[in-house]
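Take a look at the letters that make up each chain.
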Amino acid sequence: MEFTGRQDHSSTLPASKNAYFYPSVSAAFVLSDALKINSDLLSFAKLRASYAKVGEDAPPYALNNIYLSASDGNNVAAYAFPFGSTAGFGAASRLGNKELRPEFTNTLDFGVNLGLFKNKINIDATYYSSKSTDQIVSVAVPGSTGYQSKYANVGELTNKGFEITVTATPVRTKNFSWNISGNFSRNRNKVTYIAPGVTSFAYAGTSFSGLVPTVAVGEPFGIIRGAKWVTNAAGQRLVDSTTGQYANFLLDQTVINPNRDWIAGLTNTFTFKHFSFSFLVDYKKGGQFESFTVGVLRANGSLKVTEDRDQPHILPGVIDVGGGKYRPNNIQISGQSYYATALGSTTGTSASNEFAVFDATTFRVREFSVSYDLPGSLVNTKIFKNIKFTIYGRNLFFYAPNSLIDPELSTQGAATTTTGGLVRGLELISAPSTRNVGASIRVGF
Amino acid sequence: MKIKKIAGLLVLVLFTSCTKSFLEVNNDPNSVTDVPPKTLLPNTLVSMAFANSNELGRAAGLLMQYNANSNSASVAGAYDTWIISGFESQWDNEIYGGTLNNLNIIINKTQAQSPAYAGIAKLQFAYTVSMATDLFGDVPYSQAAAGFDNAGLIKYPQPVFDAQMDIYLGNTTKGIKSLFNLVREGLADISKPSVQKPTVDDLVYGGDMAKWTRFGNSLLLKFALQVSNKAPDTTKNVINDVLAGKPYIDDINGALDFKVPFTAANPNSYYLQDLGGSIPNTQMLSSRFLALERSLNDSLRLSKFYTKPAATFVGAENGSPFTPPPLVTRSTYGSYVLGPTLSGEAPVRLVTAFRNNFILAEAALRFGTTGNANTYFQNGIKASMKSAGLSDADVTAYFAANPAIVNLSGTPANQLMQVLMQKYVASVGNAIESYNDYRRTGIPSLPQPQTTAGDDPNNFPQRYAYPVTEGSSNPNQPNPRPKTSVKVWWAL
């Protein structure tokens, strides 16, 4: 059993609230020893549990409202003071917050390690549940207030899930062994509370082309909101009877949830005398992403799916005939209108984002390698200890049944405190992934 | 052991004694928490001009067919084909953040002791709000950029969208002050005694309060005409009231014009968009504006408005799907818009004598307000020519050679057409004003561009699309947003 405790004082929090304490406790219990189990079947069993609380402070300079030397614009057109000798200042677009508190995460986890068949099979399973409160996040504020963002302590986020790893050595003889290792994990996160009266907010500074990473109560973390075509109560899209296009769109709809349903991976390693051969595959189920590559290329007519552009198309949907009744859409529109207007051009301000969103389920052969370990007798052991030749291949093959493009391309970069975390689920016309094949020699002296 | 104890004690003493100052390092050394109004004023003037001349003005310039796009894949190509959206930065940074918020801070700081600052800030506030509502329709006004409450929190964290009619005419039940009354308050503030007064920080008038008074009364004229389709009595009363002896911007030589200056070191956005920025050469003279200028025999003004690198002016068709003319032959913005050396040193002209004269000509024709429509019409043309840099001799020569063009004739409808066509020509560089005139009167007639798209490819965009960023954090923004083909309240 182990206890820890830690007290932090931080200069980035307001003086009255800048000290915080967080403890943790963990315990492990070797069941097989305690119960004096001595069998070949259950050769080892251990139970673990732990509870930990972790605290964190705010980014620096977050408390005050400040003024900056005035400037505005972008690489197309801009202005910046001073103008000659005239100074110009303006209020900074981020509000200070003198009420900031430290953020905390409480995690509870339980695990069990089992060894079976004289430890030929090892199973390691963990269940965890963690709750993060008072997250310090840069929240978007409506521009009409004169400001654009504010650091705030925001509500409550839960993460629950489990992971299982199984390793086994089904065959082990003098010259040959086969080792197999598999893992499976599933995580569910949910935002359970934000602030009184607030049901959603946008991460400041992360919106792109009509897509706004948003945090919303009752939804998982990481969703992105954008535009969707208006539907009737039965979920059918409404078509404008004069143009044959979809009638209108609503903003602030959840269009992308990048979180996976579950992830599984499998590694097999075969060793025969001095050769070994291994491959790793994984399968990631679920998750969504929006592909700007597909959206733009389809609107341009570069994709094979647009080959039928000389045919008239009818958008799937219904026309409102009044009195709560609808009839199926039968208005023909050109291929140009169908692909470049209705299915969207990937900008959310004049058309919906929905049709460039794909399911990210992927099966991938991630690594494959063959290696040969030069036997010691062939090597001058005074200088070389061992020499190993390997041929390997990475990212050799993937299969994404519901997507027109490799779902594992993401161009939104790494997490920072201001962007609030990795923005996942946006493929912004990135370079394709690469398949690598290579050979290596490793020499030990 | 003793040393260890002493060392430990020492550390403890040091720690506790300097804890307080050790932790007080959370003030950013690169920024300040308070500034005097004289540093905010230059920013608000430039920001207001930037809002008018940057993307909002560029879109209007293409809609109103002064310019046509020369790069169909660019933003100019989108505006030229009626795709009028993507103004998040204009709303957040140019209008509400850079201009209105800082104006509100000036007003709060100076209302009591230095109402000269507060007064001119209110005039700027009214102008900027009118620009926002003319383009976007219903916009936040009474609750926008309102600063903080007593607890130091934002007073209205999700400002309501005020109806355009309420913004112009006021609504006492909802507590919305009409723009007219805001201007009148500003004018009253200007004439009160003031401890601090703007001097060199007033980039436009250098602190001359008499000129600011003229600017304020000119705003009353502008707003009065703007509401003329829906509140003609207001139009008549306000205009006649101003003409009954209140000073406004009327100097034909342009000495009283409200112009925000720029220099080659700090160039205006027309230059940066077309030449100096990172995405240049996306627009050029429209062949339609060129045809109009030729029909008016107006080559002198045209050569100031646009360049002529080839033997003749070269224009392009709006929305044309074909390759534009070669770059070296294109007519693009000239010295009137970009300055004598085409480096962006020309001012942004927001309120001018020529536009005031055309306003008064239109009001005289439509409502019989004080004054002779033909005199105002001719003064408008003269003031525009002087503003373009033509000499008095040139102006006299033009008038002598084109009597039919410079004299109102025919039916009232025809005379109105003449007035507004000249106003359209004179408004090169401030296309937002022409965009307002067109939606208010239907003049000039603008044939559809060769390619159109956007919310409604069959109907001219009557407004700009609301920004996405405002909508995602403010539930008061109408969702779904009105399409760009929906007319604003004061439109024809």
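Values in this document were obtained by computation on a predicted structure and should not be read as measured data.

**Remarks on the overall build of chain A**
In step 1: A tally of helices and strands in chain A yields three helices and 28 strands.
In step 2: What you see for chain A is a C-alpha radius of gyration of 29 Å, clearly larger than the 22 Å of a compact globule of 445 residues, by over 25%.
In step 3: Projected onto its principal axes, the C-alpha coordinates of chain A cover approximately 80 × 70 × 55 Å.
In step 4: Across the 445 residues of chain A, 27% fall into the buried class.
In step 5: Taking the contacts inside chain A whose residues are at least 6 apart along the sequence as the reference set, 65% of them involve residues at least 24 apart.

**A word on the interface of chain A and chain B**
In step 1: Taken together, the contacts link 58 residues of chain A with 64 residues of chain B.
In step 2: Here the side of chain A that touches chain B is composed, by residue class, of 29 nonpolar, 25 polar and four charged.

**Thoughts on the pairing of strand E12 (residues 176–193) of chain A**
All names here are of chain A.
In step 1: One ladder, built from 15 bridges, connects strand E11 (residues 149–172) with E12; its direction is antiparallel. Note on E12: the bridge partner recorded for Gly161 is Asn187.
In step 2: The turn joining E11 and E12, which pair antiparallel and follow one another in sequence, is formed by three residues.
In step 3: Examined bridge by bridge, E12 and strand E17 (residues 262–272) share ten bridges and lie antiparallel to one another. The residue bridging Asn179 from the neighbouring strand is Thr269, located in E17.

**Topic: the sheet that holds strand E24 (residues 357–359) of chain A**
Residues and elements named next belong to chain A.
In step 1: Strand order in the open sheet formed by three strands is E24-E19-E27, with mixed pairing between adjacent strands. Each edge of the sheet is formed by a strand with only one pairing partner; in this case those strands are E24 and strand E27 (426–427).
In step 2: Bridge analysis of strand E19 (residues 288–291) against E24 gives three bridges, and the strand direction is antiparallel. When the sheet's bridge partners are listed, Phe289 is paired in E24 with Phe358.
In step 3: Lying on the sheet, helix H2 (residues 292–300) is in contact with E19 and E27; it crosses E19 at an angle near 40 degrees.

**Observations concerning the sheet that holds strand E16 (residues 249–256) of chain A**
Residue and element names in this part refer to chain A.
In step 1: A sheet is described by the order of its strands in space; here four strands give the open sequence E13-E14-E15-E16, paired in antiparallel fashion. Looking at the sheet topology across the chains shown, the edges are occupied by strand E13 (200–202) and E16. Here the strands of the sheet are splayed against their neighbours by 50 degrees on average, with no regard to which way each runs.
In step 2: When strand E15 (residues 224–229) meets E16, the two strands line up antiparallel, connected through five bridges. Following the sheet pairing, Gly226 is matched in E16 by Gln253.

The rules behind each value
Per chain, the residues get numbers from 1 upward, laid out in the order the sequence is written. Both sets of labels track the order of writing: A upward for chains, 1 upward for ligands. The model is predicted, so local features are restricted to residues of pLDDT at least 70 and side-chain atom pairs to those at 80 or more, both for listing and for counting; the totals for chains, interfaces and linings are taken over all residues. Strands here mean DSSP runs of E at least two residues long; helices mean DSSP runs of H or I at least four residues long; both are numbered from the N terminus. C-alpha atoms define the radius of gyration, and 2.2 Å times the number of residues to the power 0.38 defines the globule rule. To sort residues by exposure, count the other C-beta atoms lying within 10 Å of each residue's C-beta; 20 or more gives buried, 12 or fewer gives exposed, and values between give partly exposed, all with C-beta atoms placed from the backbone. Two residues form a contact once the distance between their C-beta atoms, set from the backbone, is within 7 Å. Throughout this entry, Asp, Glu, Lys and Arg are counted as charged residues, while Ala, Val, Leu, Ile, Met, Phe, Trp, Tyr, Cys and Pro are counted as nonpolar. The remaining residues, Gly among them, count as polar. For two strands to be treated as a pair, DSSP must find at least two bridges joining them. Helix axes use the C-alpha atoms of the stretch in contact, all axes being lines fitted to C-alpha atoms, and the angles between their N-to-C directions lie in the range 0 to 180 degrees.

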